[in-house]
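Residues per chain are reported as follows:
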Amino acid sequence: MTPVEEPAQGGARRTAPGGGARVSLLGRAFRETGYLLLSLPLAIAGFVVFVAGVSVGAGLLVTLLGLPVLAVTLTASHGLGNLDRRRLAAIGYPVPLTRPYRTSERGVRRILARLAHGQSWLDLLYGLLRFPVSIATFVIAVVWWIGGAGSVLYIVWERFLPENDSGLADLLGYPGRAADIALTTVLGLLLLVSAPWVVRGLVAVHRGLARITLGGTSTTALREQIQSLTQSRAAAVDAEADTLRRIERDIHDGPQQRLVRMSMDLRAAQRRLGQDDADAAGTLIGEAIEQVQSSLEELRALSRGIAPPVLADRGLRAAIAAVAGRSPIPVELDVSLTADQRLAAARESAAYFVVTEALANAAKHSGAGLVRVSVSLTDDDTLVVRISDDGVGGAHVGKGHGLAGLTDRLAGIDGTLQVISPEDGGTQVVATI
């Protein structure tokens, strides 16, 4: 049924239901056809990279020059693979994410890291396998569209054929020009009508090959991520258990003993007052007050291992400003968060403890004259906390040190800790949450 255009408000026109679906179907068919047509030259490039790179690299392995040649070949194939990943995603067929290639190595180690990247080899295999697939799909797509369009237009160009030329209808036993034109036109219409689904099937072949090769390490990456998350959760549980044991031990050895001593002094003062010995009672009460003050100081120190009320009430910006104000070393703050901007409680807590521990370590060991604290959010919503000082350096993440506990705490929320502290001075602690 022909789509009917109806006037809409404001003089605009709209298409009746059904027309938009047909336009969308044709648009998708044309996009997928464009993908198939462009796949052939890209497949030729990938095949050339495979043949030239593998043959030259394998031939030169004896001299070790083949290693960089193979590394360059894998880099080129990986680039072509990424291009096809984007092309498939653009037409609505995204390939599962794979383990990305990242390395900070240089020289020979960088070459070996590239050779050890399994996904690059799968991308190279994709360059080999898609060559015959692209040839076949290119030919089928072109023949289907051109054959359909040519058959529909048969009535236009049929008159230019030689008079003794036999048409399709003649071969089927239906002689005559009218029968020949009718049959050819009907077949052309069938080809054009079925072309979108044929093209989609051809693209599905490319997608299936891409999922096997370009998405080959997605399952491996998922397993590695599950294993990493399991380990990080275990590390977080251990870190919390260690923190609880440390707080229990510190309370028992510090404030609890002082409170016991204060209780004894107050009882003794009470007895002295009953004996009218005001001077002795005053001395005991003074000692009890000193014990109370010492207990308060120790409890304040212990509270640094527990989220302070200011963090829960006013957020990370205010909490970091408060802890910086208590630092014995001058602190420069650069917090990009606004006063009312709140993050997830786990992220705020982790960032707060990174700052408190780093400032405590700087005060104890660095001999620094200034500490800079920077807190920012990246475009992908990653929280980056950076604490740097101008001290003596030499800090490291060792078992039993506060920084090691921070590493475990951050691992529980998929965060990382990096410590850069050369022996010639200066320490930088970077937490990515």
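What counts, and at which threshold
- Residues numbered from 1 in each chain as written.
- Predicted model: local features only at pLDDT ≥ 70, side-chain atom pairs only at ≥ 80, totals over all residues.
- Heavy atoms only, no water.
- Helix = DSSP H or I, 4+ residues; strand = E, 2+ residues; numbered from the N terminus.
- Buried < 20%, exposed > 50% of the residue type's maximum accessible area, 1.4 Å probe, protein only.
- Polar contact = N/O pair within 3.5 Å; in protein donor to acceptor, adjacent residues only side chain to side chain.
- Phe/Tyr/Trp six-rings, centres within 6.5 Å; stacked < 30°, edge-to-face > 60°.
- Pairing = 2+ DSSP bridges.
- Salt bridge = Lys/Arg side-chain N within 4 Å of Asp/Glu carboxyl O.

S.K.: Would you take a moment to explain the side chain of R85 for this structure?
M.R.: Relative to the helices and strands, R85 resides in helix α2 (residues 66-90). You can call R85 buried: its relative accessible area is 13%. Polar side-chain contacts of R85 include one of 2.7 Å to the side chain of N82. From its side chain, R85 meets the backbone oxygen of L214 in a polar contact 2.9 Å long.

S.K.: For this particular structure, what's the right way to read the packing of aromatic side chains?
M.R.: This model, assessed by the stated rule, comprises three aromatic pairs. Summarising the aromatic geometry, the rings of F30 and W145 are spaced 5.7 Å apart at their centres and angled 40° between planes, so their arrangement reads as tilted. With F30 in helix α1 (residues 19-59) and W145 in helix α4 (residues 118-152), this residue pair connects regions lying 115 residues apart in the sequence. Look at F30 and you get exposed, because its relative accessible area is 52%. Judged by centre distance (4.3 Å) and plane angle (15°), the ring pair of F47 and F131 falls under stacked. Here F47 is found in helix α1, whereas its partner F131 is found in helix α4, with 84 residues between them in sequence.

S.K.: Can you walk me through the pairing of strand β7 (residues 427-432) in this structure?
M.R.: Across six bridges, strand β5 (residues 383-389) lies against β7 in antiparallel orientation. When the sheet's bridge partners are listed, V384 is paired in β7 with T432. Of the pairings in the sheet, the one linking strand β6 (residues 416-420) to β7 comprises five bridges and is antiparallel in character. Among the inter-strand pairings, T416 is bridged to a residue of β7, identified as T432.

S.K.: Is there a simple way to explain the pattern of salt bridges in this structure?
M.R.: Opposite charge on two side chains permits them to pair, given that their charged atoms come into close proximity. Taken as a whole and assessed by the stated rule, the structure comprises seven salt bridges. Across the pair R87 and D84 runs a salt bridge whose closest N-O atoms are separated by 2.6 Å. Taken together, the residues R87 and D84, both in helix α2 and three residues apart, mark about one turn of the helix. The two residues R87 and D84 agree in class, both being buried. Through salt bridges with shared partners, a single ionic network connects D84, R87 and R130.

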